[in-house]
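# Analysis of the macromolecular model
Listed below are the residues making up each chain.
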There are 2 protein chains.
Amino acid sequence: MLYECSSGLLGNGHHLHGISTISFQAWLSQSKRSKDYALPNSSWSQDMMDLYSRFLEMCKDGTWKRIPSYSDTADHVPGKACVHLESLKLANEKERKGTRFFPRNLDTEGVGFEYAMFLNPSEKRMVCLFQPGPYLEGHRGFAHGGSTATIIDSTVGGCAIFVAGRVMTANLSINYRNPIPLGSVVLVDSKVDQIEGRKVFLSCHVRSIDGQTLHAEATALFIQLNSTKSLQQQVSSQ
Amino acid sequence: MLYECSSGLLGNGHHLHGISTISFQAWLSQSKRSKDYALPNSSWSQDMMDLYSRFLEMCKDGTWKRIPSYSDTADHVPGKACVHLESLKLANEKERKGTRFFPRNLDTEGVGFEYAMFLNPSEKRMVCLFQPGPYLEGHRGFAHGGSTATIIDSTVGGCAIFVAGRVMTANLSINYRNPIPLGSVVLVDSKVDQIEGRKVFLSCHVRSIDGQTLHAEATALFIQLNSTKSLQQQVSSQ
């Protein structure tokens, strides 16, 4: 729903002007103090490993970038280049102690959201390799619709961060086509369709790795946040 | 996303014909073998307790019914009156061992989804008292959009079960209006708007308990499943 990074492809003037190298690199770089959960572990299936290796290979020429992932939301925005929300006085640090980033809130490998994201900057496209674990069950043997919504929101959100920096989900609309079996691997593929001022429109498809099964398709609208106003003010005046 | 119960207000002929008492009672009754997570625990805030007590009071004359909730999806459909999916051969029981219902997958009280649902049968309305814990974080101090989607999907899904029995989410569209602070209590209020054949259209609002803040509004479409066809067949022929 809510994501932050000080700079994306959109600047304060809301026009494409190229990547702010420092903050973009900071976003991509690995946090020194936290475990990166977007790396292979023993719970990953062969399908997941194969797909991950394929994308890693495509990272070599710089076409794709691997995005790290942490259990603490603070680590999702590493480095001084990105805006911290403390100034907005919305989140009391004391109360925040012990919080966890929702899709990374389980300690045991393989039971929850196993995923790794890759960004294609020139295509403004973010893909997520997703292996839903047994703790994400909705109907018996299948991923809960809320877990599908969560991985879609996270993927399109990551894509929106890239073009617009600090953003917030305004709308998420999902058509569920075929249930996702627990333990399978699916590809969540999102891209920016249009940018209008502070609005970023995206679309997303969730498919089986052979491309034969469309599990879900979604559209999303994200709003670029203006750091001079409080979050609540901005949301209220949308 | 996916829910099941053999009978609701909609029968096999897809017309309203009244409640199938046996299965409806089974759905409402408490499982003998599992912990009901929709009961107060020490993590519930005073706001959550007060709201829960208010709804319990309204249950006394039968206007509202409290809905139990379990960590095993099998227990969400207690009793023999409800259809079990084993016959559909979609979920291998061996593989299912160790699965958990997504919104009830955390062991520690208070860190994840704390919620309790109440059904108003005559209004075809389901409300959910929801206290998001610190492990549901998206932006700092606020609930992740995916967790909001999850509680909305679960609430409208419960409402759709009541009228149509076994159902599956076909569409979920959410407008996020104001972020939900972690630890606050919100009311997720859903109702059936329309029924067309096997389609159940619902709407949902998520508001602060004083009603002053609209956090999110959503529409949903659920499809009633026909137990003579496999789940995959039905979804593909939608």
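For every chain, the first residue of the written sequence is number 1, and numbering continues from 1 onward in sequence order. Lettering of chains starts at A and numbering of ligands starts at 1, both following the order in which they are written. Given that this is a predicted model, residues contribute local features only at a pLDDT of at least 70 and side-chain atom pairs are listed and counted only at 80 or more, while totals for whole chains, interfaces and linings are drawn from all residues. The side-chain numbers reported here are obtained from all heavy atoms of the structure, hydrogens and water having been left aside.

As annotated in an unreviewed UniProt entry, chain A carries the name Acyl-coenzyme A thioesterase THEM4 and is attributed to Pelodiscus sinensis. Heading Sequence similarities (unreviewed entry) of the UniProt record for chain A holds this comment: "Belongs to the THEM4/THEM5 thioesterase family." UniProt positions are given in the numbering used here, feature names are shortened, and annotations may be inferred rather than shown by experiment.

All right, on to the overall build of chain A then. Secondary structure summary: chain A contains 5 helices and 8 strands in total. Per the convention used, a helix needs a DSSP run of H or I reaching at least four residues, while a strand needs a run of E reaching at least two, with both numbered from the N terminus. Mapped from its N terminus to its C terminus, chain A presents α and β elements in the order β-α-α-β-α-β-β-α-β-β-β-β-α. Any residue under 20% of the maximum accessible area for its type is buried, any over 50% is exposed, and the rest in between are partly exposed; the area is computed with a 1.4 Å probe on protein chains only. Counting every position in chain A, which comprises 238 residues, the buried fraction comes to 59%. The contacts in chain A between residues at least 6 apart in sequence include a share of 69% that link residues at least 24 apart. Whether two residues are in contact is decided by their heavy atoms: any pair within 4.5 Å suffices.

Ring pairs shown here join Phe, Tyr and Trp side chains whose ring centres sit within 6.5 Å, with only the six-membered ring taken for Trp; geometry is labelled stacked below 30 degrees between planes, edge-to-face above 60, and tilted in between. Under the counting rule described, the total for this entry stands at 15 aromatic pairs over all chains. Taking 5.2 Å as the distance between ring centres and 25 degrees as the angle between the ring planes, the aromatic pair formed by Phe55 of chain B and Phe118 of chain B counts as stacked. One end of the pair, Phe55 of chain B, is in helix H2 (residues 46-59); the other, Phe118 of chain B, is in strand S3 (residues 113-120), with 63 residues separating them in the sequence. Accessibility assignment for this pair places Phe55 of chain B and Phe118 of chain B in one class, buried. Judged by centre distance (5.8 Å) and plane angle (20 degrees), the ring pair of Phe113 of chain B and Phe130 of chain B falls under stacked. Placement of the pair is Phe113 of chain B in strand S3 and Phe130 of chain B in strand S4 (residues 125-132), with a sequence separation of 17 residues. Taking relative accessible area as the criterion, Phe113 of chain B reaches 6% and is therefore assigned buried. Owing to a relative accessible area of 1%, Phe130 of chain B belongs among the buried residues under this scheme. Site record: aromatic cluster; members linked through ring pairs are Phe102, Phe113 and Phe130 of chain A together with Phe102, Phe113 and Phe130 of chain B.

Moving on, we come to the UniProt feature "domain: Thioesterase" (unreviewed entry) in chain A. With numbering matched to this structure, UniProt assigns "domain: Thioesterase" (unreviewed entry) to residues 141-213 of chain A. Across residues 141-213 of chain A, the secondary structure splits into 27% helix and 42% strand, with the terminal C-alpha atoms separated by 17 Å.

So, on to helix H4 (residues 145-164) of chain A. Residues and elements named next belong to chain A. Given the number of residues in a helix, its expected span is that number minus one, multiplied by 1.5 Å. Between its first and last C-alpha, H4 extends 27 Å over 20 residues, near the 28 Å set by a 1.5 Å rise per residue. With 20 of 20 residues buried, H4 is to be regarded as a mostly interior element. Two residues or fewer past H4, Gly165 is found with a positive phi of approximately 75 degrees.

All right, on to the pairing of strand S7 (residues 199-208) of chain B then. Sheet faces and side chains relate simply in a regular strand, where the side chains alternate between the two faces. All names here are of chain B. Pairing of strand S6 (residues 186-196) with S7 involves 10 bridges; the strand directions are antiparallel. Note that in S7 the partner of Lys191 across the bridge is Ser203. In this description, strands pair whenever DSSP reports at least two bridges between them. Relative to strand S8 (residues 214-224), S7 is paired through 9 bridges, and the arrangement is antiparallel. Across the sheet, Val206 pairs through a bridge with Ala216, a residue of S8. Connecting S7 to the antiparallel partner S8 that follows it, the hairpin turn spans 5 residues, and Gly211 within it adopts a positive phi of roughly 75 degrees.

Let's shift gears to the nonpolar core. In this structure, Phe130 and Ile152 of chain A together with Phe130 and Ile152 of chain B are the most contacted members of the largest nonpolar core, which totals 78 residues. Non-local contacts of Ile152 of chain B, meaning those with residues more than four positions away in its chain, are made with Leu172, Ile174, Val188, Cys204, Val206, Ala216 and Ala218 of chain B. Ranked by size, the runner-up nonpolar core spans 14 residues in total, among them Tyr52, Trp64, Ala116 and Val127 of chain A. The set of buried Ala, Val, Leu, Ile, Met, Phe, Trp, Tyr and Cys residues whose side-chain atoms join them within 4.5 Å is what this entry labels a nonpolar core.

On to the pattern of salt bridges. Here, a salt bridge means any Lys or Arg side-chain nitrogen found within 4 Å of an Asp or Glu carboxyl oxygen. Using the criterion set out here, one finds 16 salt bridges over all chains in the structure. The partner of Arg100 of chain B in a salt bridge is Asp107 of chain B, and the shortest N-O contact between them spans 2.8 Å. Through salt bridges with shared partners, a single ionic network connects Glu123, Arg125 and Asp189 of chain A.

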